[in-house]
Amino acid sequence: MMFSDRLLGLSATSAPRLFERRLPVHARARAFCSPHADVCRLRRRNQRTSSLIVSAIRLAASASTMAASEEMIELPTLQQLALQAIRAQGFSDSDSSTMLEVLMYAELRGNSQGLVKVVSGGLPRDASSQPPIVEHETSVSARINARGSYGMIVMDAAVCTALDKAASGGIAVVGTHGNASGTGALGFWADRIAQAGLVGIVLSQSAEYVAPHGSHEAVYGTNPVAFGIPRQGESPLVLDMATSSTAYFALVEARRAGRPVADDIGFDASGAVSTDPGAILDGGAMRSFDRSFKGSHLALMVELLAGPLVGGAVADKASSGNWGNLVIAIDPKLLGNADRFKAGVEAVLSRVSDAAPLRGASPVRLPGQSAAQLAAERLAAGQLSLDSQLLQDLRALAEAAPGDSPSAPAVSPPAPHPAASGGPGPSRVLLMAASVEPEQPQQPRGMSTNAIHPRSKTLADPYQAMSPPLYQTATFGQPSATEGGPYDYTRSGNPTRTLFEAQVAALEGGDRALAFTSGMAAISAIVRLAAAGQHIIAGDDLYGGTSRLLQRVAPALGISVSNVDMTDPKNVEAAMQAGKTAVVMVESPTNPRMQICDIAAIADIAHAGGAICSVDNSILAPVFQRPLDLGADICMTSITKFIGGHSDVTGGVLSIRGHDLADRIYFTQNAEGAGLAPYDSWLSARGLKTMALRMERQGGEWGAPPAP
């Protein structure tokens, strides 16, 4: 399990990728499939405080304070060491990887939710726990009973569920209850949601550590809250804050180190102000973060939303084993244009950053900016300084790990969650019941392997059929008279078609794919992107059906068409009409004369003139050419030819780059009823499995290279 710089809130170029995101294993057959469901029964009065620990806060302190007791360690070495130390406590490889991902996110940012938890009793495992289950669900919400599973594992499932539901419904509200262990840095989870282009809000409840303002009796937990805001061309903006005066583990570390805390942190059991962290932890209470009623009331709101609303405990939380969490994911498209929202975000953030600082003060900083800078510095250095005793304890735990500990996987880009390539609309859903395999260390996969073994290769049915079930139905039942499910009517979406579309999008490198009843139905949807009075440029050597459509149908719609020799991009440039050309339609190789066009050059010309570039790639298919990689916006591939391969299905599929463009085309497909039928979708998915093999064999007759 590796992180990536994007998980740290950094731009793609600000630091080398160090860790790879792993998608959680979870099934929607009313239970989450996790190899181990573990729980941390973390009790305020029963900590293993004899373990020497260090808070990540210490890592950001002055060098003179750290130098005497700290040790420099390479990040890959630290990652492997920490992974083994987590496994030594009885967690499965899968759960250990998830937990490491969250802990290292915090460690690199100087957050007290880091590796200190591994050696301080923060990860005790409860063997009596059971896998979490979904006990209540609608199309946009779910309540998960953790049944004692460890907090980070439960939150992993909750966030993944929220992303799935927001992909189809535009919004998701997921609550969890039934565990008594921390979820790690909430900013990690809010960031994951925002990475998918959604607004993320995460709230968490815990045991009684904090007193309401005006009292010294602990009632609230530290009750953190996190927000993740997607940005335009930047990593998400993340705010992660506890509503308490300090973090729980900051007090644990201070007690271990024998350090006093500030006199405004909390009270002892008698209600007297105390600088002794042990007195605050043992029967005392922390104060709210702003030491006033406003912060206290915010903590109350978190307590209510992450407690009673989701089924969490309302009293005696330390011993009830029933802490709650609330996850909310919102697609900005629900309220309009997502790009407009992101542009507005950038405008506001620029105003904040550029606001005139007070005399003698530093420039205004955005939420998470300092932590992101610290993480960037550590990633750039490839190492960080940790407390020597912490490292000693990690090494001791790692030595006790089970044999054959997995090695850290090689660095590679993060794998986005399916929701990152989809949004509202049934055909965006990567199957509500689809089984998503976890990312595992592996060699790069070729086209043939990806075609035979797609990431979402089966529907989760009771028998785990290797060939996906066929949903030969026109209509689908709904949760209730007022709630809609992910599918309602096959014209708008069908699980079998969605599965095929998802596989094609992955092979083509698109954000989304849409399957049509024929190749001409797909091309007609492209023509619909031009309005009356607008202009289309196409080649002069085209498939006969395309020529007929552009010569007879398009003009009747008020669309003018210019046919040019596209083997020379200058002809395309000369035919562009400023403010009018909406679509440039390319065939390469052309049908029937097999002429080759410079797709990249033509795409640049189209984009410079504000037009969309589409490519008919039916001759080469994704086996030998991927037009989206060359700059095209839409790739049309005939299913009838090489995808189907058995002369028993007619169809066409569009692979699309950009969610807004995909939404426009999906609207036309749904409105005109041009979606591929379930059985034809099933046949097409079957054809994908042998497409590369067939094309390589056929191409060998004329010397074509093997598929990459």
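The model shown is predicted, which means the values in this text are computed figures rather than measured ones.

Before going further, it helps to examine the nonpolar core. Membership of the largest hydrophobic core comes to 56 residues, with the highest contact counts inside it found for Leu78, Leu115, Val118, Leu123, Trp189, Val327 and Leu394. For Trp189, the contacting residues outside a window of four places in its chain are Val102, Met152, Met155, Asp156, Val159, Thr183 and Val202. In terms of nonpolar packing, the next biggest core, distinct from the first, is built from 30 residues, Ala538, Ile559, Met636 and Ala674 among them.

As a further point, take the confidence of the model for the protein chain. When pLDDT is averaged along the protein chain, the result is 81, and 81% of the positions lie at 70 or above. In the model of the protein chain, helix α1 (residues 56-59) stands out as the element of lowest mean pLDDT, 32, in contrast to strand β17 (residues 612-616), which has the highest, 97. Note that residues 1-68 has pLDDT below 50 and, in this model, 255 contacts with residues that lie over four places away or in other chains. The low-confidence segment residues 404-443, where pLDDT is below 50, has 116 contacts with residues more than four positions distant or belonging to other chains.

Let us look at the pattern of salt bridges. Scanning the entire structure with this criterion turns up 18 salt bridges. The partner of Arg87 in a salt bridge is Asp93, and the shortest N-O contact between them spans 2.5 Å. Relative accessible area serves as the criterion here: at 8%, Arg87 is assigned to the buried category. Two residues, Glu501 and Arg497, come together in a salt bridge whose shortest N-O distance is 3.8 Å. Taken together, the positions of Glu501 and Arg497, both in helix α16 (residues 495-508) and 4 residues apart, correspond to about one turn of that helix. Judged by its relative accessible area of 1%, Glu501 falls in the buried class. Through salt bridges with shared partners, a single ionic network connects Lys333, Arg512, Asp660 and Asp663.

This part is about the environment of Thr275. By the element assignment, Thr275 lies in the loop between β9 (273-274) and α9 (277-281). The partly exposed category is assigned to Thr275, whose relative accessible area is 36%. Separated by 15 residues in the primary sequence, Thr275 and Pro260 have C-alpha atoms spaced 5.2 Å apart. Once residues lying within four places of it in the same chain are set aside, the contact partners of Thr275 are Pro260, Val261, Ala262 and Asp263.

Positionally, Thr581 belongs in strand β16 (residues 581-587). The buried category is assigned to Thr581, whose relative accessible area is 5%. Within the structure, the side chain of Thr581 is placed 2.8 Å from the side chain of His535, a separation counted as a polar contact. In this structure the side chain of Thr581 is engaged in a polar contact, spanning 2.8 Å, whose partner is the backbone nitrogen of Gln577. Excluding anything up to four places from it in sequence, Thr581 contacts His535, Ile537, Ala575, Met576, Gly609, Gly610 and Ala611.

Let us look at the sheet that holds strand β10 (residues 285-286). Spatial strand order, β9-β8-β10: 3 strands in an open sheet with antiparallel pairing. Each of the sheet's edge strands pairs with one partner strand only, and the pair in question is β9 and β10. Across 2 bridges, strand β8 (residues 266-267) lies against β10 in antiparallel orientation. By the bridge assignment, Phe267 is partnered in β10 with Ala285.

It is worth spelling out the packing of helix α3 (residues 75-87) against helix α4 (residues 93-108) at this point. Each pair of packed helices can be described by the angle between their axes along with the distance between the axes. Put simply, α3 and α4 touch, their axes get as near as 9 Å, and they point 130° apart. The angle between α3 and α4 places the two elements in the oblique class. Once α3 is placed against α4, the crossing between them reads as right-handed. The segment α3 lies against α4, with Leu75, Leu78, Gln79, Ala82, Leu83, Ile86 and Arg87 engaging Asp93, Ser96, Ser97, Met99, Leu100, Leu103, Met104 and Leu108. Taken together, the residues of the contact of α3 with α4 break down into 10 nonpolar, 3 polar and 2 charged.

The omega torsion of the bond from Ser588 to Pro589 falls at -5°, within 30 degrees of zero and hence cis. The step from Asn591 to Pro592 runs through a cis peptide bond, and the omega angle for that step is 25°. Within the element layout of this structure, Pro592 appears in the loop between β16 and α20 (599-608). For Asp316, which is not a glycine, the phi torsion comes out positive at approximately 50°. Following the sequence through the fold, Asp316 ends up in the loop between α10 (293-305) and α11 (317-320). Look at Met594: it is not a glycine, yet its phi comes out positive at around 60°. Judged by its relative accessible area of 46%, Met594 is partly exposed.

The rules behind these values
Residues numbered from 1 in each chain as written. Predicted model: local features only at pLDDT ≥ 70, side-chain atom pairs only at ≥ 80, totals over all residues. Heavy atoms only, no water. Core = buried A, V, L, I, M, F, W, Y, C linked by side-chain atoms within 4.5 Å. Buried < 20%, exposed > 50% of the residue type's maximum accessible area, 1.4 Å probe, protein only. Contact = heavy atoms within 4.5 Å. pLDDT = per-residue confidence, 0-100. Helix = DSSP H or I, 4+ residues; strand = E, 2+ residues; numbered from the N terminus. Salt bridge = Lys/Arg side-chain N within 4 Å of Asp/Glu carboxyl O. Polar contact = N/O pair within 3.5 Å; in protein donor to acceptor, adjacent residues only side chain to side chain. Pairing = 2+ DSSP bridges. Axes fitted to C-alpha atoms, helices over the stretch in contact; angles between N-to-C directions. Parallel < 35°, antiparallel > 145°, perpendicular 65-115°, else oblique. Left-handed = near helix turned anticlockwise from the far one by under 90°. Nonpolar A, V, L, I, M, F, W, Y, C, P; charged D, E, K, R; others polar.

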